[in-house]
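# Coordinates in review
Next come the chains, spelled out residue by residue.
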Amino acid sequence: MTAHSPAARLRRAAVAGVVFAGLAVAGTGCGADPDEGTNGVGKLSAGQIEGKAKAAAGAASSVHLSGTLVSSGKTFTLDMRLGKEGGSGEVKSKEDTFQLLRVGDQLYLKASAAFWGTSEAAGKLGDKYVKVPESDPTYKQFRGFTDMHVLLDGLLGLDGKLAKGEYTKVGATRAVQVTADQGKGGKLAVSLEGTPYPLRMERAGGAGTVDLNEWGQPVQLDPPPADQTLDYGSQLPTTKESGGGSGSPAPAPTGKGSGQGSNPAG
């Protein structure tokens, strides 16, 4: 039987059919719908995507927030777990590291002795959880770091004309970007999987980048052990330099408003 026999031609035709079928499948893959298997928000306009993300964040019960925040020329590193009834975690500045815990309205703050001032009484506060009275300026300046919705309201703002950016990933999660003023007004990555939560916020003007994850996960909030807690009642020890309140300024400005509405991300 020669190579030009009917049987040989049939075998060649069968092989060619398999090859062309493979190419057809590969070609179909190249043109696959990028929104297949997603929550569909990538098909929306930039403004609609931002709206969906803000709505999802507003309805969430908790979040883990970590990254950097630049405010009034100072850079702070945040690692906070926040829920409806309070929050806990760490805020670092160039000068100090602050452990924060809020359970309901009660705020506990752990900082170095130097933060509290130079008086003998202030020196006893170092590396202890101090119950901060609501009337003290320190309470107003730090509470915002433990308030989920106050902090998110300040972080998730885009400034300028919105545009839908490229598809990307934040960790292992697929996301779509929304940019403002070609990125100068900030960038927001929104999840394409499940609920369209904000996953990463790059703030306008290089004012920090924050990752947001563990949405809706339980946040354990318990008062610190009694032997690690100091309570000075309605007024914390003061120093001669301060004349009132804590001995050193808080690590971030209060942003818009004051009191419980203070926003450290403002």
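None of these values were measured; they are calculated from a predicted model.

With 14 residues, helix α2 (residues 46–59) extends 20 Å between its outermost C-alpha atoms, agreeing within 8% with the 20 Å of an ideal straight helix rising 1.5 Å per residue. Turning to α2, its buried residues number three or more, namely Ala46, Ile49, Glu50, Ala53, Ala56 and Ala57. Seen along its axis, α2 keeps its buried residues to an arc of 130°; they face one direction. Structurally, α2 contributes buried residues whose contacts are with α6 (148–155), β7 (162–170), β8 (173–180), β9 (187–191) and β10 (198–202).

Another point: the sheet that holds strand β1 (residues 62–71). As summarised here, the arrangement of the 12 strands in space is β7-β8-β9-β10-β11-β1-β2-β3-β4-β5-β6-β12, forming an open sheet in which the pairing is mixed. With one partner strand each, in any of the chains shown, β7 and β12 (229–230) form the two edges of the open sheet. One ladder, built from seven bridges, connects strand β2 (residues 74–83) with strand β3 (residues 86–92); its direction is antiparallel. When the sheet's bridge partners are listed, leucine 78 is paired in β3 with valine 91. The strands touched by α6 are β1, β2, β10 and β11 (209–213); relative to β1, the strand with the most contacts, the crossing angle is about 50°.

In this structure the tally under the stated criterion is six aromatic pairs. Seen in terms of ring centroids, phenylalanine 98 and phenylalanine 142 are 5.2 Å apart; in terms of plane orientation they differ by 55°. Their pairing is tilted. Taken together, the residues span a long stretch of sequence, with phenylalanine 98 in strand β4 (residues 97–103) and phenylalanine 142 in helix α5 (residues 137–142) at a distance of 44 residues. An aromatic cluster of three or more residues is present, and its members are Phe98, Phe115, Trp116, Phe142 and Phe145.

This part covers the pairing of β2. Here 10 bridges tie β1 to β2, and the two strands are oriented antiparallel to one another. Residue pairing in the sheet places valine 70 in a bridge with threonine 75 of β2. Between the antiparallel neighbours β1 and β2 lie two residues, among them serine 72 with a positive phi of about 50°. If you look at the hairpin formed by β2 and β3, you'll find two residues sitting between the two strands.

Conventions used here
Residues numbered from 1 in each chain as written. Predicted model: local features only at pLDDT ≥ 70, side-chain atom pairs only at ≥ 80, totals over all residues. Heavy atoms only, no water. Helix = DSSP H or I, 4+ residues; strand = E, 2+ residues; numbered from the N terminus. Expected span 1.5 Å × (residues − 1). Buried < 20%, exposed > 50% of the residue type's maximum accessible area, 1.4 Å probe, protein only. Arc of directions from axis to C-beta. Contact = heavy atoms within 4.5 Å. Pairing = 2+ DSSP bridges. Axes fitted to C-alpha atoms, helices over the stretch in contact; angles between N-to-C directions. Phe/Tyr/Trp six-rings, centres within 6.5 Å; stacked < 30°, edge-to-face > 60°.

These results come straight from atomic positions and should not be treated as a statement about function.
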